[in-house]
Amino acid sequence: MRIFSRKKRPMHLGKFPLEKIKRVDKPTTLITDDVKQVPKRAGFFFRAFYGDLGDTAKREVKRFITKTPLNAAMGHTHWNEVPLHRGEPAAEKAPLPDDPEEMSKHIKSLCYFLDADMVGICEIPEYAWYSHDDKGEPITTRHKYAIVLVIDQGWETMEGSSGDDWISGAQSYRAYLKGSTNAVITADYIRRLGYEAQAHSNADGDVLQIPLMLLAGLGELSRIGELILNPFIGPRHKPAVITTDLPLAVDKPIDFGLQDFCNKCKKCARECPAQAIPFGDKVLYNGYEIWKPDVEKCTKYRTTNPKGSSCGRCMKMCPFNKEGLMMHRLALWSAIKLPFTRRFLIWLDDALKYGRRNPIKKWWLDLEIVNKRVVVPKNVSERDVHLERPTDLGNSKVATYPWEKLPTADDKETVPVDRKEGLKHTAEAEEMLRKAKEMLRV
Ligand code: SF4
Ligand code: SF4
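All values derive from a computational prediction rather than experimental measurement.

What counts and what doesn't
Residues numbered from 1 in each chain as written. Chains lettered and ligands numbered in written order. Predicted model: local features only at pLDDT ≥ 70, side-chain atom pairs only at ≥ 80, totals over all residues. Heavy atoms only, no water. Pairing = 2+ DSSP bridges. Helix = DSSP H or I, 4+ residues; strand = E, 2+ residues; numbered from the N terminus. Axes fitted to C-alpha atoms, helices over the stretch in contact; angles between N-to-C directions. Parallel < 35°, antiparallel > 145°, perpendicular 65-115°, else oblique. Left-handed = near helix turned anticlockwise from the far one by under 90°. Contact = heavy atoms within 4.5 Å. Nonpolar A, V, L, I, M, F, W, Y, C, P; charged D, E, K, R; others polar. Phe/Tyr/Trp six-rings, centres within 6.5 Å; stacked < 30°, edge-to-face > 60°. Buried < 20%, exposed > 50% of the residue type's maximum accessible area, 1.4 Å probe, protein only. Lys NZ or Arg CZ within 6 Å of the ring centre and 35° of its normal. 1 Å grid on protein atoms, 1.4 Å probe; cavity = no way out; pocket = protein on both sides within 12 Å on 5 of 7 lines; lining within 4 Å. Points joined across faces, edges and corners; volume = space filled by probe spheres on them. Near = heavy atom within 4 Å. Core = buried A, V, L, I, M, F, W, Y, C linked by side-chain atoms within 4.5 Å. Arc of directions from axis to C-beta.

1. Remarks on the sheet that holds strand β6 (residues 237-244)
So, step 1. Taken together, four strands build an open sheet; the order of strands is β1-β2-β6-β3 and the sheet is antiparallel. Lying at the two open borders of the sheet, with one neighbouring strand each, are β1 (118-123) and β3 (197-200). Within the sheet, the average angular offset between the axes of one strand and its neighbour, ignoring direction, is 20 degrees.
So, step 2. Pairing of β3 with β6, which is carried by four bridges, proceeds in the antiparallel orientation.

2. Structural notes on the packing of helix α3 (residues 69-80) against helix α6 (residues 168-192)
So, step 1. Where α3 contacts α6, the two axes come as close as 9 Å, and the packing angle between them is 20 degrees. With respect to α6, the axis of α3 lies roughly parallel. Seen along the crossing, α3 lies across α6 with a hand that is left-handed. Contacts from Leu70, Asn71, Met74, Gly75, Thr77, His78 and Trp79 of α3 reach α6 at Gly169, Ala170, Tyr173, Arg174, Tyr176, Leu177 and Ser180.
So, step 2. Of the residues belonging to the contact of α3 with α6, the class tally is seven nonpolar, six polar and one charged.

3. A short note on the packing of aromatic side chains
So, step 1. Under the defined criterion, the tally for this structure stands at 10 aromatic pairs.
So, step 2. Centre to centre, the rings of Phe44 and Tyr401 are 5.8 Å apart; their planes meet at 35 degrees, and the pair counts as tilted. Remark: Tyr401 occurs in the loop between β10 (373-375) and α14 (419-440) and Phe44 occurs in helix α1 (residues 44-49); sequence separation between them is 357 residues.
So, step 3. For Tyr401, a relative accessible area of 7% gives the class buried.
So, step 4. For the cation-ring pair, Lys93 lies above Tyr195, with the distance from its terminal atom to the ring centre recorded as 4.6 Å.
So, step 5. The ring of Trp291 has Lys282 sitting right over it, with the charged end atom 4.6 Å from the ring centre.

4. What about empty space enclosed by the protein?
So, step 1. This model, assessed by the stated rule, comprises four cavities of 30 Å³ or more.
So, step 2. Taken as a whole, the largest cavity holds about 70 Å³ of empty space.
So, step 3. Contributing to the lining of the largest cavity are Ser222, Arg223, Ile224, Leu229, Phe261, Cys262, Cys265, Lys267, Cys268, Cys318, Pro319 and Phe320.
So, step 4. Counting residues per element, the ones that place at least two in the lining of the largest cavity are α8 (258-264) and α9 (267-271).
So, step 5. Looking at the lining of the largest cavity residue by residue, the classes come out as nine nonpolar, one polar and two charged.

5. Re the site of ligand 1
So, step 1. Contacts to ligand 1 come from Cys272, Pro273, Ala274, Ile277, Cys298, Tyr301, Arg302, Cys311, Arg313 and Cys314.
So, step 2. Breaking the shell around ligand 1 down by element, the ones donating at least two residues are α10 (295-304) and α11 (313-317).
So, step 3. The dominant element in the shell around ligand 1, judged by the number of residues it contributes, is α10, at three residues.
So, step 4. Partitioning the shell around ligand 1 into residue classes produces eight nonpolar, no polar and two charged.

6. What to know about the nonpolar core
So, step 1. Membership of the largest hydrophobic core comes to 96 residues, with the highest contact counts inside it found for Met118, Ile147, Leu149 and Leu212.
So, step 2. The element that contributes the greatest number of residues to this core is strand β2 (residues 145-152), accounting for seven residues.
So, step 3. In this structure, Met74, Tyr173, Leu177 and Trp364 belong to the second largest nonpolar core, which totals seven residues.

7. Let's talk about helix α13 (residues 342-351)
So, step 1. Inspection of α13 places Arg342, Leu345, Ile346, Asp349 and Asp350 among the buried residues, and these make up the whole buried set. For α13, the buried positions fall inside an angular range of 140 degrees around the axis, keeping them on one side. Of the exposed residues in α13, those oriented more than 90 degrees away from the buried face are Arg343 and Trp347.
So, step 2. Looking at the buried residues of α13, the elements they touch are α8, α9, α11 and α12 (326-337).

Take a look at the structure:
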């Protein structure tokens, strides 16, 4: 996308004018000093593998990422890159500029050269490292810096899709694969310069990408919950990360008014097929402020969706999922600079029928792999927009599972989710946020 003439634009700034967005000292959502590390075993896709989400999710989670021939083909390359994530640095340090600013510009330029859509850098807080790996072994790596890449999932294909049909998994994998390839090359390059570096992708990573994307100034936390929304491509992306000890200058978080916008807009919650996104307020979860989604419902839907290969419908439906045409840029400018126009813009997004599928953009074949044979699937998700759905349900349907009750690294057996308790916890967590903000007078 060409936003303006790039003739005089230095390479390290990339193609999106991220430098024009307001920078702030702290993220726009509260992060207390009491955020606990979690083991990979506590992640809901891992929980599905262990049977915590029931037998169907346990069976389907092994299949859904290779459920279509295209997904399987992209996944194949993506997983083959895992052995390249780690390596030893060169014995001797290269003669580099000793200015961290210069090195940040250089590394960002490299990531853009390798086709990242946006790049940010931050220091890594302790809680952003997983405590234990997938085998239950402690993760001891502690690099100081994270280079965070944002990769667009692609506007045009998203236009043709319902968000949860037979291309939905491949849309994610397109971004996972591009991010992974970029990250392994960048990490390998830094190691050849004599510094430690490790790539972290969807296939294998030791860090939580969401807080790093937030701290690196690449977006704000959105109502979708465990997703950082970027002002220029919205939620339509996947991150990848390189951690390193190479001295770098860091970026600050950004504020483009998203907390207020998401407070007023509930389109993702209205359109989520699993009803996993809260309509109500944010909560305090494990020490941080978040619109906490019902991860159990979302994971079950993505792994067992009978009418598609996964789901990214919340990304598809968000008013920030735009391409950067002149009218989109004007709407974005208005959403950021003129808060009083936000309700109108949210209404306009529906009125202009954004979110409906554009049949001209449907290029893929609906195919499924069943018992090692490629067949035409029995069903296809053909959703458009559900304007009639209620949006006043608060958080009543959203279960959240408190940090203390998550499986530990040693749990090798099934740890079933307790949905009743999860629903109760959501209400408590809303109150916890109110009290925490009162104490801190935020
Ligand atoms: S990925 Fe699908 S199921 Fe999950 S929150 Fe988004 S729309 Fe809902
Ligand atoms: S759809 Fe609306 S509420 Fe949901 S993330 Fe996008 S802007 Fe926020």
